[in-house]
There are 2 protein chains.
Amino acid sequence: MSYKLYYWDGIPGRGEFVRLALEEGGADYVDAAREPGGTDEMLKLMKAPGGAAPPFAPPFLVDGDLLIAHVANILFYLGPRLGLAPEGEGLRTIANGLQLTITDFVAEIHDTHHPIGVSHYYESQKPEALRRAADFLSERLPKFLGYFERVLSQNSSGPNQMVGDRLSYVDLSLFQVIEGLRYAFPRAMDAYEANIPRLVDVHDAVRVRPRIYSYLASERRLAFNESCIFRHYPELDRQS
Amino acid sequence: MSYKLYYWDGIPGRGEFVRLALEEGGADYVDAAREPGGTDEMLKLMKAPGGAAPPFAPPFLVDGDLLIAHVANILFYLGPRLGLAPEGEGLRTIANGLQLTITDFVAEIHDTHHPIGVSHYYESQKPEALRRAADFLSERLPKFLGYFERVLSQNSSGPNQMVGDRLSYVDLSLFQVIEGLRYAFPRAMDAYEANIPRLVDVHDAVRVRPRIYSYLASERRLAFNESCIFRHYPELDRQS
């Protein structure tokens, strides 16, 4: 039986972290909200009474009777099933911790263009966004990316993957974060990437994995755009 | 061997979600950063080279050789060991999803007083905080609390707990969220709580559990204050 992924149609967003794992793992899955009538079906599932717990927000994954919400939770569940998690509870717990740091980073990336609230358009919170994005680029981006670089350099199995001795969903997610940051903040990333050579290597290695390479060239891969988490507003990028 | 919890001394903060589970579970644990020299030890662990993965930030838990970062990850690990998780992978996955929604909610609560960045004082981002807090109270607080209320009402095992048929760490965390919101936004909570009777019942039931009741009266329980996630700035609360 195939997995059903539900996420807002038209943007890569948080759904993309799940798609990359499903694609690399060769999973049988349906990108359900992109099917005809799929968005209505998604909204119905979110409002349905009954069920152990409705999701607060997309993405969520349906596997038989189980509905799983939150990217890190979905990936923790899928990881061992798709051969994308390390062996053993210890390393899996560490992978989950790393994924949750990615979750926090992604939320901060989102908030550069929405520092006041998601119920308002970017244009109505632009002065605040300019200030928040400047702080993000000077303080938070180096802190998070520097941290991930350090994790790679400290991995006792070598710097080719974030945890253990094989590719995991954490590496796939970091590929997507780098892609998104390059789209959103090209000048800042151009200036910063020399500081994170191992992370760039992991990104490059993920990009050319046969299944990922083929996925990226397919129409299943959605392009970044200004409705997504990663938005390119030149005024928020590094100036100079 | 006892668990070692590391979190910034002097504030309940995110560490409190872990403390409540350790206390209710009757765990043998040390609140390590509150011991003499403990904060230095914590900072050393965060900077130490080697180890499978250093934590990005406190709280983290040390159990023997394993260092576990992020509240939801720590609780997922501790839950079954302390009798505070539901039975079976399905319900545990649902509990984890609920805890991650709490994580997101807590981050939004924090950002009401720090909408621009953690590297700046509240006073230097007060205009933005006033706008963000107003949006939070009108849009986000009802959305999150209304969601948790709905989860309780839809639980097929009854509305006395968030998931399954027994107390879990999710209920303990929601107790703390309600406590924190009452501290930070007393006027807003006073006006809103009639909408969430089941959630208030869960809060009240947690508060009088013998181990929690005794913990809350002890000096191990830290008071809320204005260095914490939950801060009482009257100007950010509901006006009138």
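Residues numbered from 1 in each chain as written. Chains lettered and ligands numbered in written order. Predicted model: local features only at pLDDT ≥ 70, side-chain atom pairs only at ≥ 80, totals over all residues. Heavy atoms only, no water.

Undergrad: Kindly report on the interface of chain B and chain A, identifying the contributing residues and their values.
TA: Residue-level contacts link 54 residues of chain B with 54 residues of chain A. Of the roughly 4,400 Å² buried between chain B and chain A on both sides combined, carbon and sulfur atoms contribute 55%. Between chain B and chain A we count six salt bridges in total. With a shortest N-O distance of 2.9 Å, R131(B) and E128(A) are connected by a salt bridge. On inspection of chain B and its partner chain A, the count reaches 26 residue pairs in polar contact (both at pLDDT 80 or more). Elements supplying a minimum of two residues to the side of chain B that touches chain A: α2 (38-47), β4 (66-69), α3 (71-81), α4 (89-111) and α5 (126-154) of chain B. (Contact = heavy atoms within 4.5 Å. Buried area = accessible area lost by both parts, 1.4 Å probe. Salt bridge = Lys/Arg side-chain N within 4 Å of Asp/Glu carboxyl O. Polar contact = N/O pair within 3.5 Å; in protein donor to acceptor, adjacent residues only side chain to side chain. Helix = DSSP H or I, 4+ residues; strand = E, 2+ residues; numbered from the N terminus.)

Undergrad: Tell me about the nonpolar core, residues and numbers included.
TA: One broad trend across soluble globular proteins is that nonpolar side chains are buried collectively. Formed by 144 residues in total, the largest nonpolar core has its most connected members in L145(A), L181(A), L145(B) and L181(B). Other than its neighbours up to four places away in sequence, L145(B) contacts F105(B), I178(B), L181(B), M189(B), Y192(B), I196(B) and L199(B). (Core = buried A, V, L, I, M, F, W, Y, C linked by side-chain atoms within 4.5 Å. Buried < 20%, exposed > 50% of the residue type's maximum accessible area, 1.4 Å probe, protein only.)

Undergrad: Tell me about the UniProt feature "domain: GST C-terminal" (unreviewed entry) in chain A, and name the residues and values.
TA: As recorded in UniProt, the sites labelled "domain: GST C-terminal" (unreviewed entry) are residues 92-236 of chain A. For the annotated span residues 92-236 of chain A, helix accounts for 62% and strand for 0% of the residues, and the straight-line distance between the end C-alpha atoms is 36 Å. (UniProt positions renumbered as here; feature names shortened; annotations may be inferred.)

Undergrad: Lay out α3(B) with the relevant residues and their values.
TA: Residues and elements named next belong to chain B. With eight of its 11 residues buried, α3 lies for the most part within the structure. Inspection of α3 places V71, A72, N73, I74, L75, Y77, L78 and G79 among the buried residues, and these make up the whole buried set. Trailing α3 by a residue or two, G83 shows a phi angle of about 70°, which is positive.

Undergrad: Hey, could you go over the packing of helix α1 (residues 15-24) of chain A against helix α6 (residues 169-184) of chain A for me, with residue numbers and the actual values?
TA: Two measures define how a pair of helices packs: the angle their axes make with one another and the distance between the axes. Residue and element names in this part refer to chain A. Relative to each other, α1 and α6 sit at 130°, their axes nearing to 9 Å. As far as their axial angle goes, α6 and α1 are oblique. Between α1 and α6 the crossing geometry is right-handed. Where α1 approaches α6, its residues E16, F17, L20, A21 and E24 are matched on the opposing element by L172, S173, F175, Q176 and V177. Classifying every residue of the contact of α1 with α6 gives six nonpolar, two polar and two charged. (Axes fitted to C-alpha atoms, helices over the stretch in contact; angles between N-to-C directions. Parallel < 35°, antiparallel > 145°, perpendicular 65-115°, else oblique. Left-handed = near helix turned anticlockwise from the far one by under 90°. Nonpolar A, V, L, I, M, F, W, Y, C, P; charged D, E, K, R; others polar.)

Undergrad: Before we move on, can you summarise the relation of the copies chain B and chain A with the specific residues and values?
TA: One chain copy maps onto the other through a rotation about an axis and a shift parallel to that axis. Relative to chain A, chain B is turned by 180° and slid 0.0 Å along the rotation axis, the superposed coordinates differing by an RMSD of 0.0 Å. In short, the pair behaves as if placed about a two-fold rotation axis. Of the C-alpha atoms belonging to chain B, the one lying closest to the rotation axis is found on P115(B), 2.9 Å away. Comparing contact sets, 100% of the residues at the interface of chain B also lie at the interface in chain A, consistent with an isologous, same-surface contact. (Least-squares fit on C-alpha atoms with pLDDT ≥ 70 in both.)

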